[in-house]
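# Chains, contacts and geometry: an overview
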Amino acid sequence: MNLTKNQFKEDYVKRLTLTFAQTTTEASLEHKYLALGKLIRDYISESWAETNNYYTKKKCKQIYYFSMEFLLGRLLNSYLLNLNIRDVVKDGLRDLGIDLDTLLELEPDPALGNGGLGRLAACFMDSLASLGFPGHGCGIRFKHGLFNQKIINGYQKELLNNWLKEDFLWEIKKPEKTVTVRFGGVVNLVNTPNGIEPVYSGCEEIDAVPYDIPILGSNMETVNTLRLFSAELPEEEIDLNGLQKGDYQKFIDKKFAVEAISQILYPDDSSFQGKLLRLKQEYFFVSAGLQTILKRYKKLKESIHKFSDFVGIHINDTHPAIAVGELMRLLLDEEGLDWDSAWDITVKTLAYTNHTILAEAMEKWPYDMFKKTVPRILMIIEEIDRRFCEEVSKKYEEDYSKIDSMRIIYNGEVRMANLAIIGSHSINGVAKIHTEILKNRELHDFYLLYPERFNNKTNGITHRRWLKNANPELYKLVIEKSGPECLNDTNKFINFLKYINDDNVLQTLDKIKFKNKEKVVAFVKNKYNIDINPFSIFDVQVKRLHGYKRQLLNVFNIIYLYNQLKQNPELDIVPRTFFFGAKAAPSYYLAKNIIKLINSVANVINNDPDIRNKIKVVFLENYGVSIAELIIPAGDVSEQISTASKEASGTGNMKFMMNGAVTLATLDGANVEIYDEVGDNNIVIFGLTSQEVMDLEKNRTYNFRDILNSNPDLQKILTQLSDGTFSENKEEFKDILNHIYGEGDPYFVLKDFSAYVEAQNKINTLYENRRGWLQMCLVNIAHSGKFSSDNSIRKYAEDIWHIKEVKRGE
Ligand SMILES: *Cc1c(COP(=O)(O)O)cnc(C)c1O
């Protein structure tokens, strides 16, 4: 937008005075921040209304991205950047004696997601708007997001996240757009003159109240909408519940039960628990979202049969898969369509992204729970299942095992992935290797049945948040050197390669990285009173804590290094700081035990004078988008060391690459594609391949004892977990020991250990050659444009959604 500094200053002072009846000198920092936020919101509002009107007027096909999670991070700086007024605002505030960066730190970070899946949804929102696609988000306005993590005596403690304690600046409540969502009760199908109709009795009816957040594109004209629903008790219920009779307790209980639905985000990443409340959350936002979309569609005055020409709905993992049943319900029961028409529309409208092959993450609801909670949806799903079996038996005759593997309701459970696949016209994996595993193994039967539905869409990250916002100096350098064509097409980052032998550019890269590292040094000193060396290698593993991500392998190498240095304090290694950041699901004991181990090891190493500060270990509490924005630009080594075949894509890997880190990785998920881009010389690969892992799992031939017996270093490490080296309590690490000795090392930590140590040595050698290292960084940055979510979204738009960029001027 066009904004002069003087105009901004005038607007800002006015906003501050009108809102808080204070001058800029009197106002508190908090009020200064709020006034800025409100002003920026004003700036966005006009385009927001215009975008919506335009979409309706031109009847553009709209995409709705249904996701349980949107891990947005702070928004103010993104808005400033996308409005292209950050510099003006910064200068204007400085004139008024206010520091923009201080105000930005005051914004709460809404943590409405667990990790990669929710962050992907947020990156996709940004890319959709920035490219000018009519695409919106639909999810839940959790009152409490992902817990805040505190580390106390090395243990993770979970604190309630209360991001709504102060008003959230960016949302607008739309009570007039409330819809009703129905749960439970009994449904009977009765014959009426209009055909068979469902009659409900004894249901619970809940209000779904939308809160809209503007998603502002960097194209400076598109403002799409992220709509999050909050569960509320309908107003009429308040009287009915006996307030007049003085029955307050009943009312309070009821209100509590209803609001519980959007109270809290489940903190489990990559694992599934069949909890009733979770099922209610899923149906709640899916039903609310679909009803809203249908209402809006009615305004277009188009035939319901053309629904999929105007609407596309995307199911982000199986959490919203119940949309298959709910869309059918709306088309059958509310719109009065016949089954075949409704089914045709449903399949054409829906598309599904699979995010995992981990068995423990697969959503399978107990049949009885499903039936009690959403009886009408279960009826419909049973009919979908019956018809599916009929269709498949025609094809496969008596091959019951094939039918059993694919049908939706089986063994007393409702399988959501099967429902999503059968009810969608497109099924995509999130990295090439992941899609191949789906096609050839996990979903092979479905692939044979519907080969045309399967496709790959490799994940991406928005370079606007992860480079321009998080690492502005590097962004400036890349744009300056690679040309303005980069602004609209990150693939042109590749022009940066021209500077591979330019010592000035390499030195600049070095300086930028160093400055970013100094910021982290100051942060760590201030927060943890740990001194770290900005000249050390910053070796970073930040992501959710999970067995398959193998933080344990990383720690084992650190212990190994420690043992080496104890034996030989003269050992010549490049100083290293190992950073971890990771939340563990509160009931995931192994993960929490690994956090304790990291902190115990850190405590011993950081305080051992023999180590002479050659290595340090830092655990960054409460990993989330804000911490990611701090640490990723400072990373030298990006740890992407999951057991091959287990990480569907990963997106942290892409963020580090874009910020000029060298990846240390297994050939898993999108690491494979990073490897293909940068080539053997610019990445360090180690360990089992996914084929090898899958073979070992299939043959059950892996025995960790074979490895242990032949590796005294490993033996020593495992002994140290119970001999008092890292904890006076010798039982302290029993979950980890049980993971190895009891479960037999299911993620092949011991198997990959020596390859990992060797890879780490290689990193050491590579880093010692400063120029060579900087060249590797440059190559990584140059190739990282491929992983912008703009590229992913363009492919979704073309192959799955069939939508075009909207240019309002035309
Ligand atoms: C990118 C991101 C993730 C995903 O990281 P992976 O390494 O791909 O697991 C998780 N959490 C946050 C806060 C992120 O920004």
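Just so you know, these numbers come straight off a predicted model, no measurement behind them. (Residues numbered from 1 in each chain as written. Predicted model: local features only at pLDDT ≥ 70, side-chain atom pairs only at ≥ 80, totals over all residues. Heavy atoms only, no water.)

Those places that UniProt annotates as "modified residue: N6-(pyridoxal phosphate)lysine" (unreviewed entry) correspond, in this numbering, to Lys-655. Tracing the sequence through the fold places Lys-655 in helix H25 (residues 652-658). If we skip the residues at most four places from it in the chain, Lys-655 touches Arg-119, Ile-461, Trp-466 and Ile-632. (UniProt positions renumbered as here; feature names shortened; annotations may be inferred. Helix = DSSP H or I, 4+ residues; strand = E, 2+ residues; numbered from the N terminus. Contact = heavy atoms within 4.5 Å.)

What follows covers the packing of helix H11 (residues 323-334) against helix H14 (residues 375-396). Here H11 crosses H14 at 100 degrees, and the two axes come no closer than 9 Å. In this view, H11 runs roughly perpendicular relative to H14, as classed from their interaxial angle. The segment H11 lies against H14, with Val-324, Gly-325, Glu-326, Met-328, Arg-329, Leu-332 and Asp-333 engaging Arg-376, Ile-377, Ile-380, Ile-381 and Ile-384. A per-class count over the contact of H11 with H14 returns 7 nonpolar, 1 polar and 4 charged. (Axes fitted to C-alpha atoms, helices over the stretch in contact; angles between N-to-C directions. Parallel < 35°, antiparallel > 145°, perpendicular 65-115°, else oblique. Nonpolar A, V, L, I, M, F, W, Y, C, P; charged D, E, K, R; others polar.)

Counting 197 residues, the largest nonpolar core has Ile-40 and Phe-370 as its most contacted members. Top contributing element to this core by residue count: helix H9 (residues 276-299), with 10 residues. When we break this core down by domain, the ones giving at least three residues each are domain 1 (59-74 + 109-459 + 795-801) and domain 2 (465-688 + 751-785). In this structure, Ile-40 is in contact with Leu-76, Tyr-79, Leu-80, Leu-83, Ile-85 and Trp-170, ignoring residues within four places of it in sequence. Ranked by size, the runner-up nonpolar core spans 67 residues in total, among them Ile-537, Phe-686, Leu-688 and Phe-748. (Core = buried A, V, L, I, M, F, W, Y, C linked by side-chain atoms within 4.5 Å. Buried < 20%, exposed > 50% of the residue type's maximum accessible area, 1.4 Å probe, protein only. Domains from an automatic or database assignment.)

A word on the sheet that holds strand S23 (residues 684-685). Ordered by their spatial adjacency, 6 strands build an open sheet running S20-S19-S18-S21-S22-S23, and the pairing between neighbours is parallel. This sheet does not close on itself; its edge strands, each paired only once, are strand S20 (615-620) and S23. As paired strands, strand S21 (residues 637-640) and strand S22 (residues 662-665) are joined by 4 bridges and run parallel to one another. Across the sheet, Gln-640 pairs through a bridge with Ala-665, a residue of S22. Here helix H22 (residues 551-567) sits on the sheet and contacts strand S18 (537-542), strand S19 (576-581), S20 and S21; the angle it forms with S19, its principal contact strand, is near 155 degrees. (Pairing = 2+ DSSP bridges.)

Looking now at the pattern of salt bridges. According to the stated counting rule, one finds 54 salt bridges in the structure shown. The network of salt bridges with shared partners includes Asp-340, Glu-383, Arg-386, Arg-387 and Glu-390. (Salt bridge = Lys/Arg side-chain N within 4 Å of Asp/Glu carboxyl O.)

This part is about empty space enclosed by the protein. Summed over the entire model, instances satisfying the criterion amount to 5 cavities of 30 Å³ or more. Of the volumes computed, that of the largest cavity is approximately 230 Å³. Lining the largest cavity are 17 residues, with Leu-75, Ser-78, Asn-82, Asp-126 and Arg-465 positioned closest to its centre. Elements that contribute at least two residues to the lining of the largest cavity include exactly helix H3 (76-83), helix H6 (116-131), strand S9 (204-216) and helix H19 (463-469). When its residues are assigned to classes, the lining of the largest cavity shows 10 nonpolar, 3 polar and 4 charged. (1 Å grid on protein atoms, 1.4 Å probe; cavity = no way out; pocket = protein on both sides within 12 Å on 5 of 7 lines; lining within 4 Å. Points joined across faces, edges and corners; volume = space filled by probe spheres on them.)

With that out of the way, let us pick up the site of the ligand. Close to the ligand lie 14 residues; Lys-543, Lys-549, Thr-651, Gly-652 and Lys-655 are nearest. Separating an oxygen atom of the ligand from a backbone N or O atom of Gly-652 is a distance of 3.0 Å. Contacts to the ligand include Lys-655, whose side-chain N or O atom sits 2.6 Å from an oxygen atom. Coverage of the ligand by the protein chains reaches 96% of its 390 Å² of free accessible surface. Elements supplying a minimum of two residues to the shell around the ligand: H6 and H25. For the shell around the ligand, the class distribution of residues is 4 nonpolar, 6 polar and 4 charged. Each of domain 1 (59-74 + 109-459 + 795-801) and domain 2 (465-688 + 751-785) contributes no fewer than three residues to the shell around the ligand. (Near = heavy atom within 4 Å. Polar contact = N/O pair within 3.5 Å; in protein donor to acceptor, adjacent residues only side chain to side chain. Areas by Shrake-Rupley, 256 points an atom, 1.4 Å probe, with all protein chains shown as cover.)

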